[in-house]
Structures are given as structure tokens and as C-alpha cells.
Amino acid sequence: AAGVIQSPRHLIKEKRETATLKCYPIPRHDTVYWYQQGPGQDPQFLISFYEKMQSDKGSIPDRFSAQQFSDYHSELNMSSLELGDSALYFCASSLRQGAEQFPAKTQYFGPGTRLLVL
Amino acid sequence: AQTVTQSQPEMSVQEAETVTLSCTYDTSESDYYLFWYKQPPSRQMILVIRQEAYKQQNATENRFSVNFQKAAKSFSLKISDSQLGDAAMYFCAYRSAQGGADGLTFGKGTHLIIQP
């Protein structure tokens with residue numbers, strides 16, 4: 001079965017640079033989520049989108065923004081990168097109403113993008 | 001705000017034995033979802049099992065089962081016949097059933113070691 005796709009898988013940036021992470025949800029999933037997982041930490045929810053509208057907001061820094069496009073893919077834009085932004089960034093997707101293979105509101109994670117800020 | 005607590009930073013079990021990972025949570029809501037995710041060394045987050053709070057029956061998925069005690073706000077994961085491939089970090093997670101409250105709240109995780 002198709003899974004969540006994230007690109008790039010690895011990214012190295014310098015301080016103060018910008019980065020764009022992309023997420024392609026499981027086909028027909030209508031909700032996308034972004035999480036940040038620092039070394040040795042649990043994932044922290046950043047933001048989510050349902051049907052291209054922001055649905056929920058977590059601990060996303062003001063330097064970060066995100067959007068969901070008409071084809072349901074999502075991008076996380078990160079500006080003025082800091083050393084502390086080095087982390088694993090996950091995208092997840094879900095179906096709000098659920099279907100046989102995908103129970104409602106159950107999040108399926110992509111492989112993550114490893115961001116290193118030097 | 002909801003909180004999730006996993007009191008066991010690390011657990012060790014012999015291969016083929018049974019192990020139980022603990023999770024408690026704090027919420028004022030009556031309807032919510034609970035999940036266990038597994039994160040192996042590859043760091044992929046893999047869904048293990050889910051539970052809807054309104055369901056009294058404990059969820060099971062093959063060798064994985066939960067003990068959901070709603071009044072006690074407890075959600076433990078039992079792994080039977082442990083296998084080497086079960087070695088991973090296990091995260092307990094909470095999600096509100098309210099619309100617009102989408103994000104998962106995770107516990108700090110339990111590192112499960114399988115002894116051959």
C-alpha cells in the first residue's frame with residue numbers, strides 16, 4: 001500500500017538559511033500533520049491542515065510556515081534556521097471520516113526528513 | 001492541556017516472553033483516541049495499535065494488546081511472544097476527538113530491549 005512520502009530525506013543547511021520540506025500524503029487522505037522530533041525527544045506537533053485549511057496549531061515557531069496545496073501535498077517552510085532546528089521532521093496523514101483500511105483520525109507517518117543546521 | 005506519561009524509560013525482556021509497557025494520561029475530555037507507536041532504529045514511526053475511548057473492549061493486533069482503563073486513565077501495551085524485531089522505542093500518544101484538535105500528544109517513550 002502507498003505510504004506517506006517526504007522529500008528530501010536528508011538536508012544540511014547553514015544558520016540563517018531557509019529550508020522547504022515536502023510531504024505527499026497517502027492517496028485520498030484529507031489531513032496532513034507536521035511534527036518535529038529532536039534527538040532523544042518525543043515528537044512535537046507543529047501544525048495540521050484539513051482540506052487545505054489550517055486545522056490545528058501546536059508549537060510551531062513564527063519562523064516556520066506551512067500550507068497544503070490543491071493536490072493535498074504539503075510544504076513546511078523554515079526560515080532563519082537556527083542550530084536548535086536540527087531535528088527529524090515527520091509528516092503524517094489521516095482520513096477524517098475513516099475507511100476500511102484507514103480508521104478515522106489515525107495518523108500514518110512518513111519516513112521523516114533529517115535536517116542538520118550547521 | 002493533555003499530558004501523557006510513560007514511567008518506564010527502558011524495559012528489557014527475553015525473547016519469546018511477554019512484556020507490558022505502561023502509559024497514563026491526564027485529560028478532562030470524555031472522548032478521545034489513544035495510540036501506541038513503535039520507532040525502531042530507522043526512526044520510522046509505525047502505528048502498533050489504536051483505541052477509541054468510547055469502546056470498552058480492549059484493542060488487539062496479533063501479538064499486541066492493550067489494557068485500557070478509562071477511569072484510571074491508563075493505557076498499557078502488552079507484547080506477547082516477544083521477537084527480536086520488537087526492539088524499538090515505544091511511544092504512547094493521545095488525540096482529542098474534538099474537531100480542530102488534531103495533534104498527537106506523545107509520552108517520552110519506553111526503550112524496549114529484547115534479550116536473545
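Model, not experiment: these values are computed from the prediction. (Residues numbered from 1 in each chain as written. Chains lettered and ligands numbered in written order. Predicted model: local features only at pLDDT ≥ 70, side-chain atom pairs only at ≥ 80, totals over all residues. Heavy atoms only, no water.)

Visitor: Quick rundown of the overall build of chain B? Include the residues and the values.
Guide: In terms of helices and strands, chain B carries zero helices and 12 strands. Starting at the N terminus, the α and β elements of chain B follow one another as β-β-β-β-β-β-β-β-β-β-β-β. Relative to the 2.2 N^0.38 estimate, which gives 13 Å for 116 residues, the radius of gyration of chain B is 14 Å and therefore close to what a compact globule would have. With the C-alpha coordinates aligned to their principal axes, the bounding extent of chain B is approximately 45 × 30 × 20 Å. Burial analysis of chain B (116 residues in total) assigns 48% to the buried set. In chain B, of all internal contacts separated by at least 6 residues, the share reaching a separation of at least 24 is 55%. Working note: accessible area of chain B is about 5,500 Å², and carbon and sulfur atoms make up 46% of it. The positive charge centre, built from 10 side chains, and the negative charge centre, built from 11, are 4 Å apart in chain B. (Helix = DSSP H or I, 4+ residues; strand = E, 2+ residues; numbered from the N terminus. Rg over C-alpha atoms; globule rule 2.2 N^0.38 Å. Buried < 20%, exposed > 50% of the residue type's maximum accessible area, 1.4 Å probe, protein only. Contact = heavy atoms within 4.5 Å. Areas by Shrake-Rupley, 256 points an atom, 1.4 Å probe, with all protein chains shown as cover. Lys, Arg positive; Asp, Glu negative; His and termini not counted. Charge placed at Lys NZ, Arg CZ, Asp CG, Glu CD.)

Visitor: So what's going on with the layout of surface pockets? Which residues, and what values?
Guide: Estimated volume of the largest pocket: approximately 330 Å³. Lining the largest pocket are 21 residues, and of these Phe 45 of chain A together with Gln 2, Gly 103, Leu 104 and Thr 105 of chain B sit closest to its centre. At the level of elements, strand S5 (44–50) and strand S6 (53–57) of chain A together with strand S1 (3–5), strand S10 (88–96) and strand S11 (105–106) of chain B are the ones that each hand at least two residues to the lining of the largest pocket. Among the elements that make up the lining of the largest pocket, the one with the highest residue count is S10 of chain B (three residues). (1 Å grid on protein atoms, 1.4 Å probe; cavity = no way out; pocket = protein on both sides within 12 Å on 5 of 7 lines; lining within 4 Å. Points joined across faces, edges and corners; volume = space filled by probe spheres on them.)

Visitor: Help me get a handle on the interface of chain A and chain B, residues and values and all.
Guide: At the interface, 25 residues of chain A touch 21 residues of chain B. Between chain A and chain B, roughly 1,900 Å² of surface is buried when both sides are summed, and carbon and sulfur atoms account for 46% of that area. A per-residue breakdown of the area chain A buries against chain B is headed by Asp 42, Lys 105 and Phe 109 of chain A, which together make up 29% of the total. Our count for the contact surface shared by chain A and chain B stands at two salt bridges. For Asp 42 of chain A, the salt bridge identified is with Lys 108 of chain B, shortest N-O distance 3.2 Å. In this structure, the connection of chain A to chain B is made through 18 residue pairs in polar contact (both at pLDDT 80 or more). Mapped by element, the contributors of at least two residues to the side of chain A that touches chain B are strand S4 (31–37), S5, S6, strand S9 (87–94) and strand S10 (108–109) of chain A. (Buried area = accessible area lost by both parts, 1.4 Å probe. Salt bridge = Lys/Arg side-chain N within 4 Å of Asp/Glu carboxyl O. Polar contact = N/O pair within 3.5 Å; in protein donor to acceptor, adjacent residues only side chain to side chain.)

Visitor: So what about the pattern of salt bridges? Which residues, and what values?
Guide: Under the criterion given, the structure shown has 10 salt bridges over all chains. Between Asp 102 of chain B and Arg 95 of chain B there is a salt bridge, with the nearest N and O atoms lying 3.1 Å from each other. Exposure remark for Asp 102 of chain B: the relative accessible area of 1% places this residue in the buried category. One salt-bridge network, held together by shared partners, links Arg 63, Glu 82 and Asp 85 of chain A.

Visitor: Quick one: what's the story with the environment of Ser 30 of chain B, residue by residue and with numbers?
Guide: Residues and elements named next belong to chain B. Structurally, the position occupied by Ser 30 is in the loop between strand S4 (24–26) and strand S5 (32–39). A sequence separation of 23 residues divides Ser 30 from Ala 53, and the C-alpha atoms of the two residues are 7.4 Å apart. Among residues more than four places away in sequence, those in contact with Ser 30 are Ala 53 and Lys 70.

Visitor: Lay out unusual backbone geometry with the relevant residues and their values.
Guide: The omega torsion of the bond from Ser 7 of chain A to Pro 8 of chain A falls at -10°, within 30 degrees of zero and hence cis. Here Pro 8 of chain A shows up in the loop between strand S1 (5–7) and strand S2 (10–13).

Visitor: Hey, could you go over the pairing of S5 of chain A for me, with residue numbers and the actual values?
Guide: Residues and elements named next belong to chain A. Of all seven residues in S5, five are buried, a share of seventy percent or more. Alignment of S4 against S5, held across six bridges, turns out to be antiparallel. Along S5, the bridge assignment pairs Tyr 35 with Phe 45. Here S4 folds back onto S5 in antiparallel fashion, the turn holding six residues, of which Gly 40 has a positive phi close to 70°. Here four bridges tie S5 to S6, and the two strands are oriented antiparallel to one another. The residue bridging Tyr 50 from the neighbouring strand is Met 53, located in S6. Adjacent in sequence and paired antiparallel, S5 and S6 are bridged by two residues, among which Glu 51 carries a positive phi angle near 50°. (Pairing = 2+ DSSP bridges.)

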